[in-house]
Amino acid sequence: MASLQHIRRRINSVKNTRKITKALELVAGARLRRAQTRIEEMRPYADRMQELMVGTARAASSFRNLALLQRRDVQRVAIVVVTGDRGLAGPFNGQVLRRAFELERAERAEGHDIAWLVTGRKGASTLRFRRYELTESWTGFADKPGYRDAQAVAHKLSELYTSAEVDRVVLVYNRFVSALVQRVTTVDLLPIPESILEAAEQAPDEEKGPVRGDFIYEPEPEDILARLLPVYLETEIYRAFLESAASFLASQMTAMRNASKNAGELIDRYTLQMNRARQAQITQEILEIVAGADALAG
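Computed from a predicted model, the values in this text were never measured in an experiment.

Reading the values: the criteria
Residues numbered from 1 in each chain as written. Predicted model: local features only at pLDDT ≥ 70, side-chain atom pairs only at ≥ 80, totals over all residues. Heavy atoms only, no water. Helix = DSSP H or I, 4+ residues; strand = E, 2+ residues; numbered from the N terminus. Buried < 20%, exposed > 50% of the residue type's maximum accessible area, 1.4 Å probe, protein only. Contact = heavy atoms within 4.5 Å. Areas by Shrake-Rupley, 256 points an atom, 1.4 Å probe, with all protein chains shown as cover. Pairing = 2+ DSSP bridges. Right-handed = clockwise from strand over helix to strand, strands pointing away. Arc of directions from axis to C-beta. Axes fitted to C-alpha atoms, helices over the stretch in contact; angles between N-to-C directions. Parallel < 35°, antiparallel > 145°, perpendicular 65-115°, else oblique. Left-handed = near helix turned anticlockwise from the far one by under 90°. Nonpolar A, V, L, I, M, F, W, Y, C, P; charged D, E, K, R; others polar. Core = buried A, V, L, I, M, F, W, Y, C linked by side-chain atoms within 4.5 Å. Phe/Tyr/Trp six-rings, centres within 6.5 Å; stacked < 30°, edge-to-face > 60°. pLDDT = per-residue confidence, 0-100.

### Some remarks on the overall build of the protein
- The helix and strand tally for the protein stands at six helices and seven strands.
- For the protein, the sequential pattern of α-helices and β-strands runs α-β-α-β-α-β-α-β-β-α-β-β-α.
- The proportion of buried residues among the 298 residues of the protein is 43%.
- Long-range pairs, those at least 24 residues apart, make up 78% of the contacts in the protein with a sequence separation of at least 6.
- In the structure as shown, the protein presents an accessible area of about 16400 Å², 51% of it carried by carbon and sulfur atoms.

Shown next as structure tokens:
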């Protein structure tokens, strides 16, 4: 059995660890509320952006020739993985990387090459450790992304797609559902999803053309749509970043809460062990005293 001093050191060590995990849990909880507010504010904007793009596409006489809408035979797929800059967040980074590797295997089975792009230090370090070549990586904003960060990523993706270096762009990230649930989500970014274009092309004839309802487009709808498409791409990436940031904080809060709970159970176990050791020590001392008294009496 371990000595009393050794057990006391273990208890103090676990107590200090619990202080850290408890503090991280409280900080993550406070930041999570702010992150949720940002998502709630962003989601309606992203939805209206998509509605605006569909409405403009309906008014356009032809839009299939725009660069970000061009579809071609897929030879190389860009996988964009959104991870965190830090750990201590349970399965947050691991589950999104597992989905990315599953997607990679599926694409390679189809004969496609893969280009890796990643945000977050954890994802970048994992991919480099596995000897993957990174086309681009971004770090430093995983916890609190800004719109400029999304613009930088969108610009790089547009550049790769329009120059035909990649033929498809897929985004893999954790979507925030609640403080306890975060779902790994895969989204096709480029070319712009076919469902959006079909929504525009299936509109009634009276809704097509340069005039729709009370709206007159100036400049032409095709020119407006060409400007909207990059903004739509930036918006989708920014929304994914916000969802991922909130998911990270929620996962960290849950992980630190579980760690604090486990530390408490460990402290109880060590305390019981310490009490037993102390009781055994006292018993041993009593036996020695009784033995000494018997020896003197004899």
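### What to know about the pairing of strand β1 (residues 76-82)
- Within β1, six of the seven residues are buried, leaving the element largely enclosed by the surrounding structure.
- As paired elements, β1 and strand β2 (residues 113-119) share seven bridges and run parallel to each other. Residue pairing for β2: Val-77 is matched across the bridge by Ile-114.
- Each parallel crossover has a hand, and for β1 linked through helix α2 (residues 92-109) to β2 it is right-handed.
- The pairing of β1 with strand β4 (residues 168-176) spans five bridges and is parallel. Opposite Val-80, over in β4, you have Leu-171 as the bridge partner.

### Topic: helix α3 (residues 121-129)
- Buried within α3 are the following residues: Gly-123, Ala-124 and Leu-127. Down the axis, α3 shows its buried residues gathered within 100° of arc, on one side only.
- On its buried face, α3 is in contact with α2, β2 and β3 (134-138).
- Note on α3: the residue one or two positions beyond its end, Arg-131, has a positive phi of about 65°.

### Brief notes about the packing of helix α4 (residues 147-162) against helix α6 (residues 221-297)
- Remark: α4 packs on α6, axes separated minimally by 8 Å, with the N-to-C direction vectors making an angle of 125°. As summarised for this structure, α4 and α6 are arranged oblique, according to the angle between their axes. Considering the relative orientation of α4 and α6, their crossing is right-handed. Contacts from Tyr-147, Asp-149, Ala-150, Gln-151, Val-153, Ala-154, Leu-157 and Ser-158 in α4 reach Val-231, Leu-233, Glu-234, Thr-235, Ile-237, Tyr-238 and Phe-241 in α6.
- Partitioned by chemical class, the residues of the contact of α4 with α6 number ten nonpolar, three polar and two charged.

### Remarks on the packing of α2 against α3
- Two elements in contact, α2 and α3, have axes whose closest approach is 10 Å; the angle formed by their N-to-C orientations is 50°. Put simply, α2 runs oblique to α3. As α2 runs across α3, the sense of the crossing is right-handed. On the side of α2, the interface is formed by Asn-93, Leu-97 and Phe-101, while α3 contributes Lys-122, Gly-123, Thr-126 and Leu-127.
- For the contact of α2 with α3, the residue count by class is three nonpolar, three polar and one charged.

### With respect to the nonpolar core
- Counting residues in hydrophobic clusters, the biggest one holds 50 residues, and the most contacted among them are Leu-157, Val-169, Leu-190, Ile-192, Leu-229 and Ile-237.
- Among the elements of the structure, α1 (4-59), β1, β2, α4, β4, β5 (182-190) and α6 are those that each provide at least two residues to this core.
- Sort the elements by how many residues they give to this core and α6 lands first, with 15 residues.
- Every residue in contact with Leu-157, bar those within four places of it in the chain, is listed here: Val-80, Leu-117, Val-169, Leu-189, Leu-190 and Ile-237.

### Quick word on the packing of aromatic side chains
- Overall, the coordinates contain six aromatic pairs when judged by the stated rule.
- Consider the rings of Trp-116 and Tyr-132, whose centres lie 5.2 Å apart with planes at 55°: the pair is tilted. One end of the pair, Trp-116, is in strand β2; the other, Tyr-132, is in the loop between α3 and β3, and 16 residues separate them in sequence.
- Taking relative accessible area as the criterion, Trp-116 reaches 2% and is therefore assigned buried.
- When the centroid spacing of 5.3 Å and the interplanar angle of 45° are considered together, the rings of Phe-141 and Phe-241 count as tilted.

### A few points about the confidence of the model for the protein
- In this model, the protein carries an average pLDDT of 84, and 89% of its residues clear a pLDDT of 70 or more.
- Taken together, the stretch residues 205-213 has pLDDT below 50 and engages in 16 contacts with residues farther than four places along the chain or on a different chain.

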